[in-house]
Amino acid sequence: MIHPEHVVRLPNDIGGQESPVFSRSDHEMAPWEKRCHALADVLDLRKIINTEEKRKGVEALGESLIGKLSYYERWIVTFANISFTKGFFAPSELAEKMAEVEARFSNDAVA
């Protein structure tokens, strides 16, 4: 017989739990969210990261991280983790590129 304490729920498995209050209102997607969604489509179309890998990657983030990140932030972190695992680039390379882009936008704001 399976005992409940032997079964571990995945972060997205909320069946039977009390639901927190949430807003059902739509919101305008931010530009970065639109780009993230487009990136997901391209990664899937090019067979780089598929929907199943993305789903498993989000679940692997764990309950506490999932609770802290927004919907598209979960996707971005998952895409990065999968890219590191597949050897597309290293975390240090991503950090360098992010610093480069941030500097570019900072310089644009000053000019």
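Values in this document were obtained by computation on a predicted structure and should not be read as measured data.

Visitor: Would you mind going over the pattern of salt bridges in detail, with residue names and values included?
Guide: A full pass over the atoms with the stated rule returns five salt bridges. Between Glu28 and Lys34 there is a salt bridge, with the nearest N and O atoms lying 3.5 Å from each other. For Glu100, the salt bridge goes to Lys97, with nearest N and O atoms at 3.1 Å. Note that Glu100 and Lys97 are positioned in helix H5 (residues 91-110) at a spacing of three residues, about one turn of the helix. A residue is classified by how much of its surface remains accessible, and Glu100, at 43% relative accessible area, is partly exposed. The network of salt bridges with shared partners includes Glu52, Arg55 and Glu59.

Visitor: Describe in detail the side chain of Ser83, supporting the description with residues and values.
Guide: Looking at the element boundaries, Ser83 is found in helix H4 (residues 71-86). Looking at Ser83, the relative accessible area reads 8%, which means it is buried. Residues within four places of Ser83 in sequence aside, it is in contact with Ile49, Phe88 and Phe89.

Visitor: So what about the confidence of the model for the chain? Which residues, and what values?
Guide: Confidence in the prediction of the chain, expressed as mean pLDDT, is 86, and 84% of residues score 70 or more. When mean pLDDT is compared element by element in the chain, H4 scores highest at 96, while helix H3 (residues 63-68) scores lowest at 86.

Visitor: Hey, could you go over the packing of helix H1 (residues 31-45) against H4 for me, with residue numbers and the actual values?
Guide: Taken N-terminus to C-terminus, the directions of H1 and H4 make an angle of 45°; their axes are 10 Å apart at the nearest point. Between H1 and H4, the crossing angle belongs to the class labelled oblique. Taken as a pair, H1 and H4 cross one another with a handedness that is left-handed. Side by side, H1 and H4 meet where Trp32, Glu33, Cys36, His37, Leu39, Ala40 and Leu43 of the first sit next to Tyr72, Glu73, Trp75, Ile76 and Phe79 of the second. Among the residues making up the contact of H1 with H4, the classes are represented as nine nonpolar, one polar and two charged.

Reading the values: rules and limits
- Residues numbered from 1 in each chain as written.
- Predicted model: local features only at pLDDT ≥ 70, side-chain atom pairs only at ≥ 80, totals over all residues.
- Heavy atoms only, no water.
- Salt bridge = Lys/Arg side-chain N within 4 Å of Asp/Glu carboxyl O.
- Helix = DSSP H or I, 4+ residues; strand = E, 2+ residues; numbered from the N terminus.
- Buried < 20%, exposed > 50% of the residue type's maximum accessible area, 1.4 Å probe, protein only.
- Contact = heavy atoms within 4.5 Å.
- pLDDT = per-residue confidence, 0-100.
- Axes fitted to C-alpha atoms, helices over the stretch in contact; angles between N-to-C directions.
- Parallel < 35°, antiparallel > 145°, perpendicular 65-115°, else oblique.
- Left-handed = near helix turned anticlockwise from the far one by under 90°.
- Nonpolar A, V, L, I, M, F, W, Y, C, P; charged D, E, K, R; others polar.

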